[in-house]
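# Summary of structural features
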Amino acid sequence: MIKNLRENQSVPAILLNILLAAASLFANGFGIYLTIQANLGAAPWDVLNLGLSNSFHILYGTASVAVSLTILLIDILLKEPIGIAMFIDATVVGKSVDFFNWLHPVPKCGSIWTGIPVLLFGLVIIAYTQYTYMIASLGCGPRDSLLVGLTKRMKRIPIGAVSIALLGTATLIGWLLGGPVGIGTLICAFLQGPIMQLAFRTVRFDATTVHHQRLRDSVKVFLKR
């Protein structure tokens with residue numbers, strides 16, 4: 001049963017994992033919301049999203065969806081594996097942040113002493129929801145696919161350097177558009193990876209063992225029904 005769910009070998013398994021991915025990404029949006037409410041400077045990609053939001057007077061979620069779908073299109077052009085969950089990722093996360101902005105459960109922090117705990121708590125939520133999202137095995141995030149796709153084509157450049165270049169570009173463009181950059185941006189850039197790795201260790205999860213089902217294979221399962 002567990003193997004069937006992980007490998008998405010049936011329509012019920014795929015539908016259940018779609019629900020798991022969507023719920024995980026919705027909760028992931030709450031983590032992102034907290035990192036923004038910490039008011040210490042947003043994470044690199046959120047600097048871009050907030051910069052677009054401020055410049056074009058649109059909701060954060062609208063900007064996030066636009067950026068995510070653009071990256072997803074680039075992934076497709078790079079012929080990277082595309083899964084159902086990548087489309088869910090591109091649409092649900094941003095709109096989840098909009099929902100929590102509307103609900104406003106946490107006010108913006110007024111000092112670094114309240115901001116850092118809220119920021120770190122947000123990063124922990126992002127880490128664990130990333131785990132539950134990934135075990136759905138329906139595709140990784142558009143940005144992760146972009147990183148892998150670019151690294152494949154820049155064989156002499158380490159993936160870490162490519163990642164820094166991507167994050168730096170997103171931050172620079174977002175900052176020029178008025179996105180918030182500060183100590184929180186650095187904390188997110190340098191601690192998000194280690195926090196995620198620590199979270200994965202606590203649940204004994206190895207992301208490299210996940211076999212993500214491609215969109216075409218998911219479609220085949222539905223057609224065989």
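Residues numbered from 1 in each chain as written. Predicted model: local features only at pLDDT ≥ 70, side-chain atom pairs only at ≥ 80, totals over all residues. Heavy atoms only, no water.

## A closer look at the confidence of the model for the protein chain
Averaged over all residues, the pLDDT of the protein chain equals 93, while 97% of them reach at least 70. When pLDDT is averaged over each element of the protein chain, helix H3 (residues 44-56) comes out on top at 98 and helix H1 (residues 2-7) at the bottom at 58. (pLDDT = per-residue confidence, 0-100. Helix = DSSP H or I, 4+ residues; strand = E, 2+ residues; numbered from the N terminus.)

## Digging into the environment of Pro107
By the secondary structure assignment, Pro107 is in the loop between helix H5 (84-103) and helix H6 (112-134). The sequence separation of Pro107 and Gly29 amounts to 78 residues, and the corresponding C-alpha distance is 16 Å.

## Topic: the packing of aromatic side chains
Under the definition given, this model contains nine aromatic pairs. Seen from their ring centres, Tyr33 and Phe100 are 6.1 Å apart, and the 35° between their planes marks the pair as tilted. On the criterion of sequence distance, the pair formed by Tyr33 in helix H2 (residues 11-37) and Phe100 in helix H5 is long-range, its members being 67 residues apart. Sitting over the ring of Trp45, Arg143 keeps its end group 5.2 Å from the ring centre. (Phe/Tyr/Trp six-rings, centres within 6.5 Å; stacked < 30°, edge-to-face > 60°. Lys NZ or Arg CZ within 6 Å of the ring centre and 35° of its normal.)

## Things to note about the packing of helix H7 (residues 142-153) against helix H8 (residues 159-176)
At their nearest, the axes of H7 and H8 sit 10 Å apart, and the two run at 125° to each other. Classified by the angle their axes make, H7 and H8 are oblique. Both H7 and H8 take part in a crossing whose hand is right-handed. Between H7, through Leu146, Leu147, Leu150 and Thr151, and H8, the contact on the second element is made entirely by Ile159, Val162, Ser163 and Leu166. (Axes fitted to C-alpha atoms, helices over the stretch in contact; angles between N-to-C directions. Parallel < 35°, antiparallel > 145°, perpendicular 65-115°, else oblique. Left-handed = near helix turned anticlockwise from the far one by under 90°. Contact = heavy atoms within 4.5 Å.)

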